[in-house]
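# Architecture and fold: a report
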Amino acid sequence: MSEESHPLDIEACLQTLHRIVVSLTPNKSFRQVLRELLSALAETMHFQRPHIIVQDPESGNLRLSMAYGDAEAPEASYEPGTGITGQVFQSNKAIIVPCMSQHPDFENKLFGRSPEEMQRLAFICVPVHSGASEEDGAIGVLSADTPRAPESELSNRCLFLETVAALVGTQVAWLQEDLARQHFRHTTEQAETRITSGSIIAHSKACSTCCIRCIRWDRATPSSCSAASRAWARN
């Protein structure tokens, strides 16, 4: 099955950039902005499966965070330096895969692409920065499938992805922070459950209550708690 390659044109680029810039308003959450970005890439620029992967601050691995249309994907992670996604993150440089099936490092971990799709699709992956200097490294990657095309057109589409990634670096940084908060909340809730269930030995009811209060306080003010702990350690 063949698929038409949509040449990059000025009108489509301007429409997409306009949608993204208009969404960058204080009354929209970072998730709304990123959803608008993915929608614009799919609906106006004809990218397929545009998605954002960020680094998990806890494990250091890269995990799928947002995808166009909430596309279903298996739980998968990438280590920095492995696969196309990991290589882009580690090198801080975009990679173009002209044909998925012909590239030895393309792992097809996400979205379950069929062998036929692997034959007719290319893949573009670009780094995303937090808005600071690019020398600080990437915090995630923006990727998308696209029909196979001449090298010059794939290069233009890659440059366009790099441009829009630069526009939403701050929102991707907030997404990463939100994932870290969710992980922190989940971890402290597990600890609280272990205390109340008796998995952690508490010598009295008062001791157990004190432990739970400490966990809840630390969850509400992690930075303050960390600062207090460091001060106590110095003394």
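Summarised in this report is the structure supplied together with it. (Residues numbered from 1 in each chain as written. Predicted model: local features only at pLDDT ≥ 70, side-chain atom pairs only at ≥ 80, totals over all residues. Heavy atoms only, no water.)

Time to look at helix 3 (residues 83-91). Those residues of helix 3 that sit buried are Gly 83, Ile 84, Thr 85, Gly 86, Val 88 and Phe 89. On its buried face, helix 3 sits against strand 1 (48-55), strand 2 (62-67), strand 3 (77-78), strand 4 (95-97), strand 5 (121-128) and strand 6 (140-147). (Buried < 20%, exposed > 50% of the residue type's maximum accessible area, 1.4 Å probe, protein only. Helix = DSSP H or I, 4+ residues; strand = E, 2+ residues; numbered from the N terminus. Contact = heavy atoms within 4.5 Å.)

As a packed pair, helix 1 (residues 10-23) and helix 5 (residues 151-167) sit with axes 11 Å apart at the nearest point and diverge in direction by 15 degrees. The angle between helix 1 and helix 5 falls in the class roughly parallel. In the packing of helix 1 onto helix 5, the handedness of the crossing is right-handed. Packed against helix 1, whose contacting residues are Cys 13, Thr 16, Leu 17, Ile 20 and Val 21, the element helix 5 presents Phe 160, Thr 163, Val 164 and Leu 167 at the interface. Here the contact of helix 1 with helix 5 is built from residues that sort into seven nonpolar, two polar and no charged. (Axes fitted to C-alpha atoms, helices over the stretch in contact; angles between N-to-C directions. Parallel < 35°, antiparallel > 145°, perpendicular 65-115°, else oblique. Left-handed = near helix turned anticlockwise from the far one by under 90°. Nonpolar A, V, L, I, M, F, W, Y, C, P; charged D, E, K, R; others polar.)

With that out of the way, let us pick up unusual backbone geometry. Its identity is not glycine, yet Asn 92 carries a phi of approximately 65 degrees, on the positive side. Mapped onto the secondary structure, Asn 92 falls in the loop between helix 3 and strand 4. At Phe 111, a position not held by glycine, the phi torsion is positive, near 75 degrees. The topology assignment puts Phe 111 in the loop between strand 4 and helix 4 (115-120). According to the relative accessible area criterion, Phe 111 is buried, its value standing at 12%.

Quick look at the nonpolar core now. Ile 52, Leu 142 and Leu 161 are the most contacted members of the largest nonpolar core, which has 29 residues in total. Of all the elements in the fold, those that place two or more residues in this core are helix 1, helix 2 (30-43), strand 1, strand 5, strand 6, helix 5 and helix 6 (169-197). The greatest single-element share of this core, amounting to six residues, is contributed by helix 2. Not counting the four nearest positions on each side in its chain, Leu 161 is found in contact with Leu 41, Phe 47, Ile 124, Val 126, Leu 142 and Ala 144. With 20 residues, the next largest nonpolar core counts Leu 62, Ala 67, Val 88 and Ile 95 among its residues. (Core = buried A, V, L, I, M, F, W, Y, C linked by side-chain atoms within 4.5 Å.)

Turning to the pattern of salt bridges, a few remarks are in order. Per the stated rule, a full pass over the model turns up 11 salt bridges. The partner of Asp 178 in a salt bridge is Arg 31, with the nearest N and O atoms 2.8 Å apart. Of this pair, Asp 178 sits in helix 6 while Arg 31 is found in helix 2, placing the two residues 147 residues apart along the sequence. The network of salt bridges with shared partners includes Arg 49, Arg 113, Glu 116, Glu 117, Arg 120 and Asp 145. (Salt bridge = Lys/Arg side-chain N within 4 Å of Asp/Glu carboxyl O.)

Scope: geometric values only; no functional claims are made or implied.
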